[in-house]
Amino acid sequence: MPLQALRTVAKPQNGVGAFILQCKRIDLHYCDWAGSSKGMNDFLRTTLPAFAKQNPSIELSVSPRPGRHPVIKGLYINGRQKAICVRNMESGEILRKVELLKAASGERLRRERRPVKSANESVRGVWDPFHGHKYRI
């Protein structure tokens, strides 16, 4: 009887498993007659259908808001939402903002004080000011 190796299944660690897009819905609000929504109306007619075909996992909702500036809102898995005002922007600029909302994680932007995060402890251990030298008091 030949020896067979056991099949090992890799356990995802630090997000290296299956990719889950964090953005679940994008709301597009526009006005039909306002001049600040000219780029948004152009985006809705020309660019949005192609974007929707490329991203079937994101729910897109388009709703008019008469008399207001156009706004794009991204809703994320963690319950947060981000809004970007796109008044007086061209169609290409609006597409870049929609891509930015799609790629965002939904977390608040914060300063990283320690650039490396690891689940494993340091090989060297915790540093202490009394390591390595003999201090005399």
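Details of the structure are given in the entry above.
Here the structure is a predicted model, which means the values were calculated and not measured. Sequence positions are assigned chain by chain, starting from 1 and proceeding in written order. Restriction of local features to residues with pLDDT of at least 70 applies here, the model being predicted, together with a cutoff of 80 or more for giving and counting side-chain atom pairs; totals for whole chains, interfaces and linings are based on all residues. As a rule here, side-chain values come from all non-hydrogen atoms in the structure, and water together with hydrogens is ignored.

Undergrad: Sorry if this is basic, but what is going on with the environment of L95 here?
TA: Only DSSP runs of H or I with at least four residues qualify as helices, and only runs of E with at least two residues qualify as strands; both kinds are numbered from the N terminus onward. In this fold, L95 is placed in helix α3 (residues 91-103). When the C-alpha positions of L95 and M40 are compared, they lie 9.6 Å apart, and in sequence the two are 55 residues distant. Residues are treated as being in contact if the distance between any of their heavy atoms lies within 4.5 Å. Residues within four places of L95 in sequence aside, it is in contact with F43, T47 and F51.

Undergrad: When you look at the nonpolar core in this model, what are you seeing that I'm missing?
TA: Nonpolar side chains in soluble globular proteins tend to end up buried together. Here, the term nonpolar core denotes a set of buried Ala, Val, Leu, Ile, Met, Phe, Trp, Tyr and Cys residues that are joined through side-chain atoms within 4.5 Å. Burial classes: relative accessible area under 20% of the type maximum marks a residue as buried, over 50% as exposed, and values in between as partly exposed (1.4 Å probe, protein chains only). Core analysis: the largest hydrophobic core is formed by 19 residues, its most contacted members being L28, M40, F43, I72, I94 and V98. Within the residue set of this core, elements represented by two or more residues are β1 (23-30), α1 (38-46), α2 (48-54), β3 (71-76) and α3. The leading source of residues in this core is β1, at four residues. Setting aside chain neighbours within four positions, we find V98 in contact with I26, L28, F43, F51 and I72.

Undergrad: For this particular structure, what's the right way to read the pattern of salt bridges?
TA: Side-chain pairs of opposite charge can arise whenever the charged atoms involved come near each other. Put simply, a salt bridge is a Lys or Arg side-chain nitrogen that is within 4 Å of an Asp or Glu carboxyl oxygen. Here the structure, examined in full by the defined rule, presents two salt bridges. A salt bridge links D27 to R25; its shortest N-O distance comes to 3.1 Å. In this structure, the salt-bridge partner of K102 is E99, at a minimum N-O distance of 3.4 Å. Taken together, the positions of K102 and E99, both in helix α3 and three residues apart, correspond to about one turn of that helix.

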